[in-house]
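So you can see what is in the structure, the chains are spelled out below.
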Amino acid sequence: MSRSIFWKITIPSALLILLSMGALGSYVVTYVKNAQIDQLRSHMVKEARLVAEASRPAFADPSKSDSLDVIAKTTGKLINAGVTLVTVDGKVLGDSAQEPSTLDNQSAHPEVIEALASGVGASSRYSAAFGETTMYVAVPVIGNGRTLGVAGLVVRLGRLAR
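Residues numbered from 1 in each chain as written. Predicted model: local features only at pLDDT ≥ 70, side-chain atom pairs only at ≥ 80, totals over all residues. Heavy atoms only, no water.

Draft legend 1. Examining the pattern of salt bridges more closely. Summed over all chains, the structure comprises five salt bridges. Aspartate 69 is the partner of lysine 73 in a salt bridge, and the nearest nitrogen-oxygen pair spans 3.1 Å. Residue lysine 73 and its partner aspartate 69 are both found in helix H2 (residues 67-79); the two are separated by four residues, about one turn of the helix. Residue classification places aspartate 69 among the buried positions, given a relative accessible area of 13%. (Salt bridge = Lys/Arg side-chain N within 4 Å of Asp/Glu carboxyl O. Helix = DSSP H or I, 4+ residues; strand = E, 2+ residues; numbered from the N terminus. Buried < 20%, exposed > 50% of the residue type's maximum accessible area, 1.4 Å probe, protein only.)

Structure representation (structure tokens):
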């Protein structure tokens, strides 16, 4: 008789403990993943601001606009991220991975729209070019009190997004 009571208490208790640990584990994994993504976004914004500052002189002087592609390629290698420099109307003038003339206008990209509207834009989405989820961050390039262009960064999220 006492053996029956023992199993009636032990089995539900063990199941409750396992269920609680599973839920807690799932919560912790999600929390840590979101914290890493937030930290990455913050880091990318800082790097985008550095790229914007480095590209400001070339944006300000139309005769130097050809150097924007060199700036994008150089800074992209240094920070290990994709860098794109675009005009206010979305025309790509510099890109770390491709020739700017081969890229579509970026004026409709959510991060570019948000950067021009509020000073910082960020979005995460699936990229067919990379074949995985990527994070995009953009900031305006400001010179002489006006917006000259937009500096954008992209990184692959890979395992973080899963």
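Draft legend 2. Structural context of a nonpolar patch on the surface. On the surface, a nonpolar cluster with roughly 560 Å² of combined accessible area is contributed by Phe6, Trp7, Ile11, Leu15 and Leu18. Mapped onto the elements, phenylalanine 6 comes out in helix H1 (residues 2-60). Of the residues examined, phenylalanine 6 reaches a relative accessible area of 46% and is grouped as partly exposed. (Patch = residues over 30% accessible without salt bridge, like charges linked within 9 Å, V, L, I, M, F, W, Y side chains within 5 Å. Areas by Shrake-Rupley, 256 points an atom, 1.4 Å probe, with all protein chains shown as cover.)

Draft legend 3. The pairing of strand E4 (residues 132-143), seen in detail. For E4, the buried fraction is high: nine of the 12 residues fall into the buried class. Relative to E4, strand E3 (residues 121-127) runs antiparallel, the two sharing seven bridges. Across the sheet, glycine 121 pairs through a bridge with alanine 138, a residue of E4. Sheet topology note: the E4/strand E5 (residues 146-156) ladder contains 10 bridges and is antiparallel. By the bridge assignment, proline 140 is partnered in E5 with valine 150. What sits between E4 and E5 in their antiparallel hairpin is a turn of two residues, with asparagine 144 showing a positive phi close to 55°. (Pairing = 2+ DSSP bridges.)

Draft legend 4. Examining the pairing of strand E2 (residues 92-95) more closely. Judged from the three bridges that link them, strand E1 (residues 82-87) and E2 form a sheet pairing that is antiparallel. In the sheet register, threonine 84 faces E2, and the bridge partner there is aspartate 95. The hairpin formed by E1 and E2 contains four residues between the paired strands, and glycine 90 there has a positive phi angle of roughly 95°.

Draft legend 5. Focus on the environment of aspartate 61. Examined against the element boundaries, aspartate 61 turns out to sit in the loop between H1 and H2. Separated by 87 residues in the primary sequence, aspartate 61 and leucine 148 have C-alpha atoms spaced 10.0 Å apart.

Draft legend 6. How the structure looks around H2. In a regular helix each residue adds 1.5 Å, so 13 residues correspond to 18 Å; H2 covers 18 Å between its end C-alpha atoms and thus fits that length. Among the residues of H2, Leu68, Asp69, Ile71, Ala72, Thr75 and Gly76 are the ones counted as buried. The buried residues of H2 occupy an angular sector of 155° when the element is viewed end-on, so they sit on one face. More than 90 degrees from the buried face of H2, the exposed residues found are Val70, Lys77 and Leu78. A positive phi of about 55° marks asparagine 80, the residue just after H2. (Expected span 1.5 Å × (residues − 1). Arc of directions from axis to C-beta.)

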